[in-house]
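Coordinate inspection notes
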Amino acid sequence: MGIGIMGYFIPRQADGVLDHLEAVAVAVNHGDTTALLVTVDNCGIVQEVSKYYREYITEKTGIPSQNIFIQATHTHTGPFVALDSQDE
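Residues numbered from 1 in each chain as written. Predicted model: local features only at pLDDT ≥ 70, side-chain atom pairs only at ≥ 80, totals over all residues. Heavy atoms only, no water.

1. Observations regarding the overall build of the chain
Which entries qualify depends on this criterion: Secondary structure elements follow DSSP: runs of H or I of four or more residues count as helices, runs of E of two or more count as strands, with numbering from the N terminus. Throughout this description, buried means an accessible area under 20% of the type-specific maximum (1.4 Å probe, protein chains only), exposed means over 50%, and partly exposed covers the range between. In what follows, a contact means two residues having at least one pair of non-hydrogen atoms within 4.5 Å.
Helix and strand content of the chain: one helix and three strands. In sequence order, the secondary structure elements of the chain are arranged as β-β-α-β. Summarising its shape, the C-alpha atoms of the chain cover approximately 45 × 30 × 20 Å along the three principal directions. Taken across its 88 residues, the chain has 18% of its residues classed as buried. Across the chain, every contact between residues at least 6 apart in sequence was considered, and the portion connecting residues at least 24 apart equals 59%.

2. Examining the nonpolar core
Heads up, the rule is: Remark: nonpolar core denotes a set of buried residues (Ala, Val, Leu, Ile, Met, Phe, Trp, Tyr, Cys) joined through side-chain atoms within 4.5 Å.
One finds Leu36, Val38, Val40, Ile57, Ile63 and Ile68 forming the largest nonpolar core, which totals six residues. Apart from the residues lying within four places of it in its own chain, the contact partners of Ile57 are Leu36, Gly62 and Ile68.

3. Description of the side chain of Ser50
Within the element layout of this structure, Ser50 appears in helix H1 (residues 47–61). With a relative accessible area of 14%, Ser50 lands in the buried category. Discounting residues that sit within four places of it in the chain, Ser50 has contacts with Ile45 and Ile70.

4. As for H1
Threshold: Expected helix span is given by 1.5 Å per residue-to-residue step, counting one fewer step than there are residues. Directions are taken from the helix axis to each C-beta atom, and the arc is the one they span.
Between its first and last C-alpha, H1 extends 21 Å over 15 residues, near the 21 Å set by a 1.5 Å rise per residue. Listing the buried residues of H1 in full gives Val49, Ser50 and Ile57. Along H1, the residues classed as buried sweep out an arc of 95 degrees about the axis, all on the same side. Facing away from the buried surface of H1 by more than 90 degrees, the exposed residues are Gln47 and Glu59. Buried residues belonging to H1 abut strand S2 (33–40) and strand S3 (68–72).

5. Some words on unusual backbone geometry
One non-glycine residue with positive phi stands out, namely His74, at about 70 degrees. Among the structural elements, His74 can be located in the segment after S3. With a relative accessible area of 48%, His74 lands in the partly exposed category.

6. Some thoughts on the sheet that holds S3
Counted only if it meets this: When DSSP finds two or more bridges between a pair of strands, those strands are recorded as paired. Angles shown run from 0 to 180 degrees and are taken between the N-to-C directions of axes, each axis being a line fitted to C-alpha atoms and, for helices, limited to the stretch in contact.
Read across the open sheet, the three strands follow the order S1-S2-S3; overall the sheet is mixed. Edge positions in the sheet fall to strand S1 (23–30) and S3, since each of these pairs with one other strand and no more. Shown here is a sheet whose adjacent strand axes are inclined to one another by a mean of 15 degrees, direction ignored. Two strands pair when backbone bridges link them, and S2 and S3 are joined in this way by five bridges, in the parallel orientation. Residue Thr39 lies in a different strand from S3, and its bridge partner there is Gln71. Most of the contacts of H1 go to S3, to which it runs at about 140 degrees, and overall it touches S2 and S3.

Next comes the structure, spelled out in structure tokens:
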């Protein structure tokens, strides 16, 4: 609790859980080419966070980062997500 919540143009902090947020992924392939589609319940994903997770997924799965697509559902009640300097 206490993490910043996206949307509505005013600062807000989480003080409870109303609905659980999800991330869903599906991998599809055609021959030797695999693509991964990832959807997360969030208002948006900044490019540096998307790049960080695409590279991490590549490291773990071998799927090239250019074949990994991460998108947000645009929910205004998800957390603000950014990389912490110690995460890099």
